[in-house]
Protein chains: 2
Amino acid sequence: MPTISQRGEQMPSSPIRKLVPFAEAAKKKGVKVYHLNIGQPDIETPKPVLDAVRHSEFKILEYSHSAGFESYRRKLVTYYDRFNIAVNHNQIIVTTGGSEAIIFAFMACLDPGDEVIVPEPFYANYNGFAVEAEIKIKTITSSIETGFALPAMADFEKAITPRTKAIMICNPNNPTGYLYSKEEMEVLKQLCLKYNLFLFSDEAYREFCYTGEHFSAMNLEGMENNVILMDTISKRYSACGGRVGAFVTKNQQVLDAVMKFAQARLSPPTFAQIAGEAAVDLPADYFDGIKAEYLSRRDILVKMLNDIPGVFCPNPGGAFYAMARLPIDDSDKFCQWILESFSYEGQTVMMAPATGFYSTPGLGKNEVRLAYVLNTTDISHAMVCLEKALEVYPGKISK
Amino acid sequence: MPTISQRGEQMPSSPIRKLVPFAEAAKKKGVKVYHLNIGQPDIETPKPVLDAVRHSEFKILEYSHSAGFESYRRKLVTYYDRFNIAVNHNQIIVTTGGSEAIIFAFMACLDPGDEVIVPEPFYANYNGFAVEAEIKIKTITSSIETGFALPAMADFEKAITPRTKAIMICNPNNPTGYLYSKEEMEVLKQLCLKYNLFLFSDEAYREFCYTGEHFSAMNLEGMENNVILMDTISKRYSACGGRVGAFVTKNQQVLDAVMKFAQARLSPPTFAQIAGEAAVDLPADYFDGIKAEYLSRRDILVKMLNDIPGVFCPNPGGAFYAMARLPIDDSDKFCQWILESFSYEGQTVMMAPATGFYSTPGLGKNEVRLAYVLNTTDISHAMVCLEKALEVYPGKISK
C-alpha cells in the first residue's frame, strides 16, 4: 500500500476541530453547547447580498476571469476607496476565500525554507498553509499583559535571518482582538524597509474596530512594493460560506506571479462574487448596526470574564475574539473537560484552547480564545457556565 | 524592493491564455472569433441546478463542513452508485473545483522532489500544481498515430524511479479525448501494484463517452488503497464557475491527511454545493441529450478536419476535445497568426497550440487542440476558416 507524504503527516490538525467529537457527545446527552469556539457569526448575511445571487439571471454558470469578474474588481476599488486605500482593479486578484490569498502570498513570495515572522498567538491555519508552501513561521511572542500589543522592534530584529522574507500580521487580530495602532504600523514599515521584507496584512476584520480607527498596511507610504493585503468577505458580511476573498498589492512583479497561480486553478467561485459585488452597495450605515451589536457582546463578555475570580481578559480593540487567562492547569484539558464532564443547568461552553495559537511550547496553557459570535443573552449564559465550571474544575490553580 | 520567489518565477503561464490579447485585438478590429480554445461549454447549466441556488432560503451563508455538506456527500454516494462505484460519504471530500482535488492529491501523497508519471499530451495545469507542490511530472509520450492510446507498459517501467509515487491519467482525456479501455486500466493496475504507486484518476468528463463505456479507476479490484479519484461538476453540468469538485478514495490514511488540508482552508463554496446536490437529481435522460449534442459536434468537427488537405484528426472517444495534426511549422506561431493576421469573411478561430500540453520539447509543434464547445453551425464556420487559413499560412509545410 502506498504511503502518504511526510508533508501529509506534518500537516497540523485544526486545534479547534479536535474538540468537535466532545461537543457532539455533549449534545447527544441533551446538553446545550454555547459555541464560542469558532468565528462563525450568527449575524444574518445581508438580504440584498443573498438576493443578488437569488435574483441572478445568467443561464450558464461560467468560469469568471481568473482574477475575478472585472465588474467585481472595479466595485472593490470603490470599497477600498472608502478607507483611502487607492488601488485600481488590476491590483486586485479575487481569491477563493482569504485562505487562498494567504497561500498565494506564501507561494509567490517565499521559497521552501524561507521564513515569515508572525507575532504569536496567531491564526492557527497559517501553520497549515506554511506546511503546504514548505516555508517556516517564526514567531515572536506578544503578551496578554499588554493586551497583545505589537512586540518591540528589537524582538523582530532578533528573529530576522537571511531567510526572512516577510512579516505577517492580522489586524485587527484573530485570535487576540488586538487593533494595531498607526505607530505600531510605522514600526513594521521601518522593519520591512530596513530588511527588505514583504508585509503580509490580513485585514479580514477591518470593519470591526471599537477602540480606534483601523490603519491599513496599504496606507503605509513608501511601502507600495512591500505590502500585500489579504482580504475576505467572510466576516465583513457574515458570508463565510461564499469563499471569496482578495489578494491586493501594488507590486507588479508579485501580481504577475500570483496571476499564474490564479490561472492554474481557473477562477474563484462565481455565485459568491455576485454576492460580494452586491455587498459593496449596502447602505453606509449597515456596519453601524453590526458594530454596535458586536460591541455590546464584547462589553458583556469582557466584563463577565473579568468578574470571575482569577480570570483576566484584556479589552479587545477589534474583530470578535477575546483571549482570557483562566486559573487552570491546561487549556486543552479544560476545554475538553467542560464539554465532557461538566454542565450547569443543562448547558456548557465550547472554547478554543489558546495552545493552538502559539508555536512556542508551553504558551497558552492557561488561556482560551472566545469568539463573541452569539447574542448577549447566550453569552451571559455561557459566562455563568464558565464561572460555575471554574469553581469545580479539578485542575483549578489558585494563586 | 523584495523579490518574488523562484517558485513564483517557475510557475508556468497558461499556454492558452497567452493568446488572449491577440483574440481581443481581433475582436476590436471587428473580426468574429470562434473560441475552440477552452473547455467552457456553451451548453446551458440545467435550470433545476441554478434554481436550487436561486430558491434557497437560508439566512446565513455559513461555512459548510470542511469535507462539504454531509447531505451533498450522501447524495454523491447515490451518483457514484450509478457507475457501480461503491463509496460511502466519508470517502468523499468536496473540493473547490477539480483543481483543488489535484492539489490535495499532490500534497498528501507526494513530497517535494517526488515524481508522478503522466502520459503526454496532458492537461497543462497539472504543471502549475506540480510547481506548487514542488513535485516532478515525468511524461511518457502517447502518439497521435494511435489516437493517443495508453503507452506500452514498458514505457512506464522505463520512467519509474525510486522517487515515483504515482501515475496520473485523465479519462476520458483532456486534451486528446482518448477513452481508456478496461484493458488499459488493467495495465495501470498491474503497474501500480507492482511498484506500489498511487493511481490518480481525473474523471471530469465521465459522462461524455462516445465509443464505449467509461471504466472508472475506482472499479479496479484490489486497488482500493491505490486509487484516488479527482472529480468535478464543472463539465458534467456545464457549471464551471461553481468551483465544486470531489476528492474520492478508499484509502483511509490519505483521507485523514487530506482532511487536514481541507480544514486549513475551512470549507468548499456553499452555493455551488447546493447546485451540485440538486444536479444529482436531474432526470436520468439529461445526459442523453447533452451527449447527442456533443457527438454531433464531434462528428462534424472531425470530418471537416480530416477533409482539409494535410490535416489528420483521430476520432476522440470521449470528453469534448480533439487533437489535430496540421501541415504547419509551429502551432504557437500559427494560432497567433490566425488571430492576428487572418480572417475569412470577417471570422477567425482561436485554438490551443498543443505544445502547451507536452513537456518533451519539440512535441506538439504541428498539433492543436480544439474544444467542441460550440454548436455545429459555429464549428462548421470555424472549420471553413481553418481550411482557408491553411491555404495561405506562410509557415505551411507540404509533404
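None of these values were measured; they are calculated from a predicted model.

Caption draft 1: A look at the interface of chain A and chain B. Every contact between the two is made by 78 residues of chain A and, on the other side, 78 residues of chain B. Summed over both sides, the interface of chain A with chain B buries roughly 6,700 Å², with 56% coming from carbon and sulfur. Across the chain A-chain B interface, the total number found is zero salt bridges. Applying the counting criterion to the chain A and chain B interface returns 50 residue pairs in polar contact (both at pLDDT 80 or more). When residues of the side of chain A that touches chain B are assigned to their parent elements, the largest contribution, seven residues, is made by helix H9 (residues 252–264) of chain A. Residues belonging to the side of chain A that touches chain B are distributed by class as follows: 36 nonpolar, 25 polar and 17 charged.

Caption draft 2: View of the pattern of salt bridges. All names here are of chain B. Evaluated as defined, the whole model comprises 36 salt bridges over all chains. Of the charged contacts, one joins glutamate 100 and arginine 265 as a salt bridge, the two residues approaching to 3.0 Å between their closest N and O atoms. With glutamate 100 in helix H5 (residues 97–109) and arginine 265 in the loop between helix H9 (252–264) and helix H10 (270–279), this pair connects stretches of sequence that are 165 residues apart. Given the relative accessible area of 13%, glutamate 100 is considered buried. Judged by relative accessible area, which is 6%, arginine 265 ranks as buried.

Caption draft 3: Region of interest: the domain arrangement of chain A. Residues and elements named next belong to chain A. For chain A, the assigned domains are domain 1 (6–44 + 286–392) and domain 2 (47–279). Placing the centre of domain 1 and that of domain 2 at their C-alpha centroids yields a distance of 25 Å. Counting from both sides, the interface comprises 38 residues of domain 1 and, opposite them, 34 residues of domain 2. Together domain 1 and domain 2 conceal approximately 3,000 Å² of surface at their shared face, both sides included; 63% is due to carbon and sulfur atoms.

Caption draft 4: Helix H3 (residues 47–54) of chain B, seen in detail. Of the positions making up H3 of chain B, those classed as buried are Val49, Leu50, Asp51, Val53 and Arg54 of chain B. Contacts from the buried residues of H3 of chain B go to helix H3 (47–54) and helix H10 (270–279) of chain A together with H10 of chain B.

Caption draft 5: Examining the environment of alanine 246 of chain A more closely. Residue and element names in this part refer to chain A. Within the secondary structure layout, alanine 246 lies in strand E8 (residues 245–249). Judged by its relative accessible area of 3%, alanine 246 falls in the buried class. Here the alpha-carbon distance between alanine 246 and arginine 297, two residues 51 residues apart in the chain, equals 28 Å. Dropping the residues within four chain positions of it, alanine 246 is found in contact with Tyr80, Ile92, Ile93, Val94, Thr95, Ala101, Leu229, Met230, Asp231 and Thr232.

Caption draft 6: Region of the structure containing the packing of H9 of chain A against helix H6 (residues 125–133) of chain B. Between H9 of chain A and H6 of chain B, the shortest axis-to-axis distance is 9 Å and the interhelical angle comes to 120 degrees. Comparing their axes, H6 of chain B and H9 of chain A come out oblique. H6 of chain B is crossed by H9 of chain A, and the crossing has left-handed handedness. Residues Phe261, Gln263 and Ala264 of chain A of H9 of chain A pack against Asn125, Phe129 and Glu132 of chain B of H6 of chain B. Residue classes in the contact of H9 of chain A with H6 of chain B are distributed as three nonpolar, two polar and one charged.

Caption draft 7: Structural view of the UniProt feature "domain: Aminotransferase class I/classII large" (unreviewed entry) in chain A. When the UniProt feature table is mapped onto this chain numbering, "domain: Aminotransferase class I/classII large" (unreviewed entry) sits at residues 33–342 of chain A. Between the first and last C-alpha atoms of residues 33–342 of chain A the distance is 11 Å; the span itself is 38% helix and 15% strand.

Caption draft 8: Focus on the packing of aromatic side chains. This structure, assessed with the given rule, holds 46 aromatic pairs over all chains. Pairing phenylalanine 122 of chain A with tyrosine 126 of chain A gives two aromatic rings, centres 6.1 Å apart and planes at 10 degrees, and the pair type is stacked. Taking the centre distance of 5.2 Å and the plane angle of 70 degrees together, the rings of tyrosine 178 of chain A and tyrosine 180 of chain A count as edge-to-face. Pairwise contacts between aromatic rings join Tyr205, Phe208, Tyr237, Tyr286, Phe287, Tyr294, Phe320, Tyr321 and Tyr372 of chain B into one cluster. Note that arginine 206 of chain A overlies the ring of phenylalanine 83 of chain A, its terminal NZ or CZ placed 5.5 Å from the centroid.

Caption draft 9: A look at unusual backbone geometry. Going from asparagine 171 of chain A to proline 172 of chain A, the amide bond is cis rather than trans, its omega being -5 degrees. Relative to the elements of secondary structure, proline 172 of chain A occurs in the loop between strand E5 (164–170) and helix H8 (182–195). Here the residue pair glutamate 120 of chain B and proline 121 of chain B is connected by a cis peptide bond, since its omega of 0 degrees sits within 30 degrees of zero. Structurally, proline 121 of chain B can be placed in the loop between strand E3 (115–120) and H6. Backbone geometry at alanine 319 of chain A places phi at a positive 60 degrees, although glycine is not the residue there. Mapped onto the elements, alanine 319 of chain A comes out in the loop between helix H11 (286–307) and strand E9 (321–325). Positive phi values are uncommon outside glycine, yet serine 238 of chain B reaches one of about 50 degrees. By relative accessible area, serine 238 of chain B is classed as buried at 2%.

Caption draft 10: Representation of the nonpolar core. Core analysis: the largest hydrophobic core is formed by 218 residues, its most contacted members being Phe334 of chain A together with Phe334 of chain B. Beyond its immediate sequence surroundings of up to four residues, phenylalanine 334 of chain A is in contact with Leu326, Ile328, Met351, Leu386, Ala389, Leu390 and Tyr393 of chain A. Core analysis: the second largest hydrophobic core is formed by 88 residues, Tyr126 and Phe129 of chain A together with Phe104 and Ala108 of chain B among them.

Caption draft 11: Expanded view of the state of the cysteines. Residue and element names in this part refer to chain B. Summed over all chains, the structure comprises zero disulfides over all chains. You can see cysteine 192 has no disulfide; the closest cysteine sulfur is in cysteine 109, sitting 12 Å from it. Summary of cysteine pairing: cysteine 209 is not part of a disulfide, and the nearest cysteine sulfur, belonging to cysteine 170, is at 11 Å. A relative accessible area of 6% places cysteine 209 in the buried class.

Caption draft 12: Representation of the relation of the copies chain A and chain B in the model. By a simple turn and slide, chain A fits onto chain B: the slide is 0.0 Å along the axis, the RMSD is 0.0 Å, and the turn is 180 degrees. Such a combination of rotation and displacement between the chain copies is what one expects of a two-fold axis. Proximity to the rotation axis, assessed at the C-alpha, singles out arginine 54 of chain A in chain A; its C-alpha lies 2.0 Å from the axis. Interface residue correspondence from chain A to chain B reaches 100%, placing this contact among same-surface, isologous pairings.

Caption draft 13: Just the sheet that holds strand E11 (residues 352–353) of chain A, in detail. Residues and elements named next belong to chain A. Read across the open sheet, the three strands follow the order E9-E12-E11; overall the sheet is antiparallel. If you trace the sheet from one side to the other, it starts and ends with E9 and E11, each paired once. Relative to strand E12 (residues 367–371), E9 runs antiparallel, the two sharing five bridges. Across the sheet, residue alanine 324 finds its bridge partner in E12, namely valine 368.

Caption draft 14: Local environment of the sheet that holds strand E4 (residues 136–141) of chain A. Residue and element names in this part refer to chain A. The seven strands are arranged E2-E8-E7-E6-E5-E3-E4 in an open sheet whose pairing can be described as mixed. Sheet topology places strand E2 (92–95) and E4 at the edges, where each strand pairs with a single neighbour. Strand-to-strand twist in this sheet, taken as the mean axis angle between neighbours without regard to direction, amounts to 25 degrees. For strand E3 (residues 115–120) and E5, the ladder comprises three bridges, and the chain directions are parallel. Each residue of the ladder has a partner; that of valine 116, found in E5, is alanine 166.

About the criteria used
- Residues numbered from 1 in each chain as written.
- Chains lettered and ligands numbered in written order.
- Predicted model: local features only at pLDDT ≥ 70, side-chain atom pairs only at ≥ 80, totals over all residues.
- Heavy atoms only, no water.
- Contact = heavy atoms within 4.5 Å.
- Buried area = accessible area lost by both parts, 1.4 Å probe.
- Salt bridge = Lys/Arg side-chain N within 4 Å of Asp/Glu carboxyl O.
- Polar contact = N/O pair within 3.5 Å; in protein donor to acceptor, adjacent residues only side chain to side chain.
- Helix = DSSP H or I, 4+ residues; strand = E, 2+ residues; numbered from the N terminus.
- Nonpolar A, V, L, I, M, F, W, Y, C, P; charged D, E, K, R; others polar.
- Buried < 20%, exposed > 50% of the residue type's maximum accessible area, 1.4 Å probe, protein only.
- Domains from an automatic or database assignment.
- Axes fitted to C-alpha atoms, helices over the stretch in contact; angles between N-to-C directions.
- Parallel < 35°, antiparallel > 145°, perpendicular 65-115°, else oblique.
- Left-handed = near helix turned anticlockwise from the far one by under 90°.
- UniProt positions renumbered as here; feature names shortened; annotations may be inferred.
- Phe/Tyr/Trp six-rings, centres within 6.5 Å; stacked < 30°, edge-to-face > 60°.
- Lys NZ or Arg CZ within 6 Å of the ring centre and 35° of its normal.
- Core = buried A, V, L, I, M, F, W, Y, C linked by side-chain atoms within 4.5 Å.
- Disulfide = S-S within 2.5 Å.
- Least-squares fit on C-alpha atoms with pLDDT ≥ 70 in both.
- Pairing = 2+ DSSP bridges.

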